[in-house]
Every structure is written in structure tokens, then in C-alpha cells.
Amino acid sequence: LGIALYPQDADTVRDLVMYADLAMYKAKEIATNSYELYQADLFQKVQERLRVEKRLRRALEEEEFAVVYQPKVDSRNGFIGGYEGLLRLKDNSLSAAQIISVAEESGLIIEIGRWVTREVVYQIKHWRDKGLAPKQVAINFSAKQLYDAGYTSFLAQLIRETGIEPSWLEIEITENLFIDQEETTIEFLTKLKEMGISIALDDFGRGYSSLNYLTFLPVDVIKLDKSICDKYQAVASRKIIEGIIRIATGLNLKIVAEGIETVEQYEFFRSEGCQYIQGYLFSKPLPVSELEAIHDQNLGAVLFGQRL
């Protein structure tokens, strides 16, 4: 239910109904069976969302999107073990959070998701054709993309076109993908696994995280969220992190520590058995032009000398 009040909010029927409608959509975002009173900033928020949506549509039409890649460093040898592909606007006029939020609300995430997938798959092919060592690339998959019923067929066609190994591609999901759509999500992930694509559970340790998910989801990798990695010095958090890593290791899952920015963090997660480290300690997300210069470098040796 959305509520607008006369005469505080407006003094015409038209405006009152419009404002009540805006408040109703706000109530839907918060929870089912709830109500929301109209607030003046709602109108500004809607105007801003429409502006961003228009910008995204133009970016799709005029090829103004780009993918940047953040390395995941193998803690055992210091070399880059893979990348995470991240969507950006070429002019950086919108943050990643703005892009994804509005893309999901507007439904553009379906088209944008396919664009990112195609871009990453062809980038992998390009690296292979240049003779660069193959490295797995992860792409993020939104809950709203589950409505793209033809996605797996689209992806299978891309793999046939390019001839890349499916194992060079990883799909990153978050827990909200299966909180409300568990059966659909498991079916989708199973199809990807059958194609030979790796599955990563992203942002683990944030929000709803349950170790129970690891027992029935067809995942290969868990990514420890930056929020939990930042708390590694607190005794209670350290025990939780150690427990998660032990369980994941026992289930033969690979572990990535995200958001690592200090040597002390790196040393802790490496000593606890995290195979991969991702964060600004080694590299920010980079455009392809800069990435290829470090593709085969030992980033561990660069940072620490020969000490790993």
C-alpha cells in the first residue's frame, strides 16, 4: 500500500495518485504486506533512476560498456590464477552499484548480462589466439538473470563459436539467487556444471550465509566476502573464518579471499589455506590493455621479492 496525504503532499487528485503510486513501489521494495508514506525524496529518486536507465540504454546501443578484470592471485606460487570480469561504463559516469541496481529494476540486466558474457568469452578466445596462458575468468550472475530462460543455450552457442574450454569460464552467484528460487537455481547451476563451467558462491559471510548451502549446491568455489575478511583480527571472527575454511576444504571447494588490501591479511588467509587472494594488495580491476602486461607475471614475487 502506498499513501499520499492531502494537502501535505499535493492538492490535486492527479498528483496524489501519482505520489501514492510511488510510495506503493517503495513499499514493495521493502517487504510484502507493508505500506509506505510518500516522501518528497521519492520523486527525486525516481527521476534519478529514469536518468540512469536512459544512460544504460544508450550505452547498450552505442557500445559504451567495458569489462575490466581483477586478478585472483594463487597464494601458493604468486602467479595470477584467474580473473573476475567487472562491468563498467567507459566514461565511469556511473558506479557499478548504480549500473547493476537500475539494470535489475528495469529488466535491462538480461541484455546487459548477455553482453558481458559475450565480451568475456571472446576475450578468453582472444588471449588463447595470442598464445597467452589460459586463465579462468569469472562473471557475476544476477538473480534477475534467472528470468533469461535462453541463457544456457546462448552460452553454449558462444562456447561452440569460439572453441574455448568451458572450464575457462566461471559463473559467480550470490545467496539471494536461491533464497526465493532454490529449485530453479539448482536446476540452472546443474546445467552449467554439465557444460563444464565452474560455479562460485560469491560474498560468502555476508547476510544470510549458511554452511548448509555448501552441502547441496553444485558449487566449486566460495569467495569470502570483504566484510568478513576485514574482521580477521577479531578472535571470534577469526574462529568463524577458520571454521568456514576447514569445512570448505573438507568439501574439496576452492577458497578465494576477497578485498585483501594488506600484507597481514594476505599472510593470514594464505596460512589458513585460501588458494586465491583477490584485492588491491595485488591489483585493482584493470582494462585489457594494462592487464596483458602482467598476465604472466609473478605478482607475489613483485610484491614480496622471492618470499612467498
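Our subject is the structure that appears above.
Values in this document were obtained by computation on a predicted structure and should not be read as measured data.

S.K.: Just to check I follow, could you spell out the layout of surface pockets for this structure?
M.R.: Over the atoms, a rolled probe matching the size of one water molecule traces out where space is still vacant. Approximately 1,500 Å³ is the volume attributed to the largest pocket. In terms of lining, the largest pocket is formed by 48 residues, of which the most central are Ile100, Asn140, Thr174, Asp202 and Asp203. Counting residues per element, the ones that place at least two in the lining of the largest pocket are β4 (80-89), α3 (96-106), α4 (109-129), β5 (136-140), β6 (169-173), α6 (176-179), β7 (198-204) and α9 (226-229). The class makeup of the residues in the lining of the largest pocket is 19 nonpolar, 15 polar and 14 charged. Looking at the second largest pocket, it is lined by 19 residues, and the ones nearest its centre are Tyr25, Lys26, Glu29, Arg49 and Glu105.

S.K.: Could you clarify how one ought to interpret the pattern of salt bridges in this entry?
M.R.: Note that side chains of opposite charge can pair when their charged atoms are close. Going through the model one piece at a time under the given rule, you end up with 22 salt bridges. Asp74 is the partner of Arg76 in a salt bridge, and the nearest nitrogen-oxygen pair spans 2.9 Å. Looking at Arg76, the relative accessible area reads 54%, which means it is exposed. Among the salt bridges present, the one from Lys226 reaches Glu261, with a minimum N-O distance of 3.4 Å. Placement of the pair is Lys226 in helix α9 and Glu261 in the loop between β9 (254-257) and α11 (263-272), with a sequence separation of 35 residues. On the basis of relative accessible area, Glu261 is assigned to the partly exposed category, the value being 46%. One salt-bridge network, held together by shared partners, links Arg49, Glu53, Arg57 and Glu105.

S.K.: I'm lost on the sheet that holds β4 in this one. Help?
M.R.: Two orientations exist for strands paired in a sheet by backbone hydrogen bonds: parallel and antiparallel. Read once around its circumference, the closed barrel built from eight strands follows the order β3-β4-β5-β6-β7-β8-β9-β10, with strand pairing classed as mixed. In this sheet, β7 lies alongside β6 in parallel orientation, the contact comprising four bridges. What sits directly across from Ile173, in β7, is Leu201.

Basis of the calculations
Residues numbered from 1 in each chain as written. Predicted model: local features only at pLDDT ≥ 70, side-chain atom pairs only at ≥ 80, totals over all residues. Heavy atoms only, no water. 1 Å grid on protein atoms, 1.4 Å probe; cavity = no way out; pocket = protein on both sides within 12 Å on 5 of 7 lines; lining within 4 Å. Points joined across faces, edges and corners; volume = space filled by probe spheres on them. Helix = DSSP H or I, 4+ residues; strand = E, 2+ residues; numbered from the N terminus. Nonpolar A, V, L, I, M, F, W, Y, C, P; charged D, E, K, R; others polar. Salt bridge = Lys/Arg side-chain N within 4 Å of Asp/Glu carboxyl O. Buried < 20%, exposed > 50% of the residue type's maximum accessible area, 1.4 Å probe, protein only. Pairing = 2+ DSSP bridges.

Distances and angles like these do not, on their own, reveal function.
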